[in-house]
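Examining the three-dimensional arrangement
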Amino acid sequence: MRAVTWQGKRDVRVEDVPDPRIEEPTDVVIRVTSTGLCGSDLHLYEVLTPFMTPGDILGHEPMGIVEEVGAAVPDLQVGDRVVVPFQIACGNCWMCLTGLPTQCETTQVSAEGMGAALFGYTRLYGAVPGGQAEYLRVPQAQYGPIKVPQGPPDDRFLYLSDVLPTAWQAVAYAGIPKGGSVAVLGLGPIGDMACRVAQVQGAGRVFGVDLVPERLNRAKERGVETFDLRSFDDDKELVAAIRDQTDGRGPDAVIDAVGTEAHGSAAARMVQNASSMLPRKLSGPMAERFSVDRLAALYTAIELVRRGGTISLSGVYGGMADPMPMLTLFDKQIQMRMGQANVRRWSDEIIPYLTDEDPLGVDDFATHHVPLSEAPHAYEMFQRKQDGAVKVVMKP
């Protein structure tokens, strides 16, 4: 089959790889019909290269048709249409039953000290072949895959794999009061969708911050009060402008949907780049022990949120030596919640919104649909924020 493989920093290729097969009774194999390109994939493209191996199959946002079913998968059959969550979880352990499948005790990558295995996401999360491919082996299929109806286009359901539950959890963790206010930093796929979720769940005011004109316009068209970073000399001016809209206090909650890809901190970027250029035997341990993030977005969130407010982190951070402004966090009594989205924890709440009325705008959420063969160009375009790219869907 054809699949998108990682070969090095900013080097992805579409290559022939062996077809997946049933390996465990709890497996299924699906024929992938659509697969998303996620902002998290860009971390593998550049920042997390020390944890990658040439030939790794990328991607964690697939959906498709079941082709083979393992003997211990009672609720799926050949021909079923399914969306595959990005994490691999059993559904039966204590963590899964507590609503934390990202911490599944059956698939935890304990050798690396990490949580549940993820599709297509470094050795830290199990080095499981990903979903940017023609076919995908899905472990723990007695729990993971979400069966969806035939008929509507893939885009109606594809985002259940990651974007929708990640945005849903970001809003849930933000704890926005009914009629309250939230600022969303970063209007990429997750930030954009978090704005939409906050709106349908009753937020009174939603502020969106970015510096890409197409992303700002897209959010503004849906009623988000947008702030263009390029219009301010520094973060303090941005914070003051949003505070002016919230009686001088700041919003009730801030969602950081940027993560370590934030602009700023040239020193942190230098460390990231240096570790990625070291020999593999050295770069992994260095990144694990001494890695730092570019924390511009998080620092802005801490400054911006009102006293007693909540910060919800959905942007990916991976640093182990990050300096945190603990005095400010403590003095402002800020609550902070974060983590990978627990897809199956939220999927049943989300599905009622995936109707013909399309309140979340999923049917036209993607800005680009491209063949899988164009994956290298799609990665470059998305990473450089070219051609108005916000969400790219690939078709094998």
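The residue numbers shown here count from 1 along each chain, following its written sequence. Given that the model is predicted, a residue must reach a pLDDT of at least 70 before its local features are reported, and side-chain atom pairs must reach 80 or more before they are shown or counted; all residues, however, enter totals for whole chains, interfaces and linings. With hydrogens and water excluded, all non-hydrogen atoms of the structure serve as input to the side-chain values.

On to the overall build of the chain, then. Helix and strand labels come from DSSP, where a helix needs a run of H or I of at least four residues and a strand needs a run of E of at least two; each type is numbered from the N terminus. In terms of regular secondary structure, the chain is built from 12 helices and 16 strands. Accessible surface is estimated by sampling points in the Shrake-Rupley manner with a 1.4 Å probe; for residues, cover comes only from the protein chains shown. Accessible surface computed for the chain: about 16500 Å², of which carbon and sulfur atoms make up 51%.

Quick look at the packing of aromatic side chains now. Only the six-membered ring of Trp is used, alongside the rings of Phe and Tyr, when aromatic pairs are assigned; centres must lie within 6.5 Å, and planes under 30 degrees apart are stacked while those over 60 apart are edge-to-face, with the rest tilted. Tallying each qualifying case throughout the model produces 5 aromatic pairs. Plain terms: the ring middles of Phe-207 and Phe-227 are 6.0 Å apart, the flat faces sit at 65° to each other, and that makes the pair edge-to-face. Of this pair, Phe-207 sits in strand S10 (residues 205-210) while Phe-227 sits in strand S11 (residues 225-228), placing them 20 residues apart in sequence. Each residue is placed in one exposure class: buried if its accessible area under a 1.4 Å probe, protein chains only, is under 20% of its type's maximum, exposed if it is over 50%, and partly exposed if it falls in between. A residue is classified by how much of its surface remains accessible, and Phe-207, at 0% relative accessible area, is buried. Using a relative accessible area of 12% as the deciding quantity, one classes Phe-227 as buried. In this scheme, the term charge over a ring applies when either NZ of a lysine or CZ of an arginine sits within 6 Å of the ring centre and within 35 degrees of the ring normal. Seen from the ring of Tyr-173, Arg-337 lies directly overhead, with NZ or CZ sitting 3.8 Å from the centre.

In what follows, salt bridge is the name for a side-chain nitrogen of Lys or Arg lying within 4 Å of a carboxyl oxygen of Asp or Glu. Tallying each qualifying case throughout the model produces 22 salt bridges. We note a salt bridge from Lys-147 to Asp-80, for which the minimum N-O separation is 3.6 Å. With Lys-147 in strand S8 (residues 146-147) and Asp-80 in the loop between strand S5 (62-69) and strand S6 (81-83), the pair connects residues that are 67 residues apart, well separated along the chain. Classification of Lys-147 as partly exposed rests on a relative accessible area of 47%. Ionic pairing is found between Asp-356 and Arg-156, a salt bridge with its closest N-O pair at 3.2 Å. In this pair, Asp-356 sits in the loop between helix H11 (343-350) and strand S15 (368-371) while Arg-156 sits in the loop between S8 and helix H3 (163-174), placing the two residues 200 residues apart along the sequence.

This brings us to the environment of Ala-341. Note that Ala-341 resides in the loop between strand S14 (335-338) and H11. Owing to a relative accessible area of 2%, Ala-341 belongs among the buried residues under this scheme. For the pair formed by Ala-341 and Val-163, sequence separation is 178 residues and the distance between their alpha carbons is 9.1 Å. In this analysis, two residues are considered to be in contact whenever any of their non-hydrogen atoms come within 4.5 Å of each other. If we skip the residues at most four places from it in the chain, Ala-341 touches Phe-86, Gln-87, Thr-102, Pro-165, Thr-166 and Gln-169.

Attention shifts here to the state of the cysteines. The definition used for a disulfide is geometric: two cysteine sulfur atoms within 2.5 Å. According to the stated counting rule, one finds 0 disulfides in the structure shown. Cys-90 carries a free sulfur, and the closest cysteine sulfur to it, the one in Cys-104, is 3.7 Å from it.

Geometry of a packed helix pair, given as the angle between the helix axes and the separation of the axes. Angles run from 0 to 180 degrees between N-to-C directions of axes, and those axes are lines fitted to C-alpha atoms, restricted for helices to the stretch in contact. Contact geometry of helix H6 (residues 235-244) with helix H9 (residues 296-304) gives a least axis separation of 10 Å together with a crossing angle of 40°. Relative to H9, H6 is oriented oblique. In this structure, H6 crosses over H9, and the sense of that crossing is right-handed. In this structure, H6 contributes Asp-235, Leu-238, Val-239, Ile-242 and Arg-243 to the contact, and H9 contributes Ala-296, Thr-300, Glu-303 and Leu-304. The classification used treats Ala, Val, Leu, Ile, Met, Phe, Trp, Tyr, Cys and Pro as nonpolar, Asp, Glu, Lys and Arg as charged, and all other residues, Gly among them, as polar. Its residues assigned to classes, the contact of H6 with H9 shows 5 nonpolar, 1 polar and 3 charged. Angles are sorted into four bins: roughly parallel if under 35 degrees, roughly antiparallel if over 145, roughly perpendicular if 65 to 115, and oblique for all others. Left-handed describes a crossing in which the near helix is turned anticlockwise from the far one by less than a right angle; the clockwise case is right-handed.

Looking now at unusual backbone geometry. Not every positive phi belongs to a glycine, and Asp-247 is a case in point at roughly 55°. If you trace the backbone, Asp-247 turns up in the loop between H6 and strand S12 (253-256). Taking the relative accessible area as the measure of exposure, Asp-247 reaches 65% and is therefore exposed. The backbone of Gln-333 sits at a positive phi, close to 55°, despite the residue not being glycine.

Further remarks concern the nonpolar core. By nonpolar core we mean a set of buried residues, namely Ala, Val, Leu, Ile, Met, Phe, Trp, Tyr and Cys, connected to one another through side-chain atoms within 4.5 Å. Ranked by internal contacts, the top residues of the largest apolar core, which has 70 residues, are Tyr-159, Leu-160, Leu-164 and Met-193. Setting aside chain neighbours within four positions, we find Tyr-159 in contact with Leu-164, Pro-165, Val-362, Phe-365, Ala-366, Lys-391 and Val-393. One finds Leu-185, Val-239, Val-254 and Ile-334 within the second-largest nonpolar core, a separate group that totals 21 residues.

The 6 strands are arranged S11-S10-S9-S12-S13-S14 in an open sheet whose pairing can be described as parallel. Of all the strands in the sheet, the pair left with one neighbour each is S11 and S14. The sheet shows a mean angle of 20° between the axes of neighbouring strands, direction not considered. Bridge analysis of S10 against S11 gives 4 bridges, and the strand direction is parallel. Bridge pairing in S11 places Val-209 opposite Phe-227. The strands touched by helix H5 (residues 213-220) are S10 and S11; relative to S11, the strand with the most contacts, the crossing angle is about 165°. Paired strands are those between which DSSP finds at least two bridges.

A few words on the environment of Lys-9. In this structure, Lys-9 sits in the loop between strand S1 (2-8) and strand S2 (11-16). Residues Lys-9 and His-43, spaced 34 residues apart in sequence, show a C-alpha to C-alpha distance of 9.9 Å.

In this section: the sheet that holds strand S4 (residues 56-57). Pairing in this open sheet of 3 strands is antiparallel, and the strands run S2-S1-S4 from one edge to the other. Lying at the two open borders of the sheet, with one neighbouring strand each, are S2 and S4. Where S1 and S2 come together, 6 bridges link them in antiparallel fashion. By the bridge assignment for S2, Thr-5 is matched with Arg-13. Across the face of the sheet, helix H12 (residues 375-383) comes into contact with S1 and S2 while running at roughly 160° to S2.

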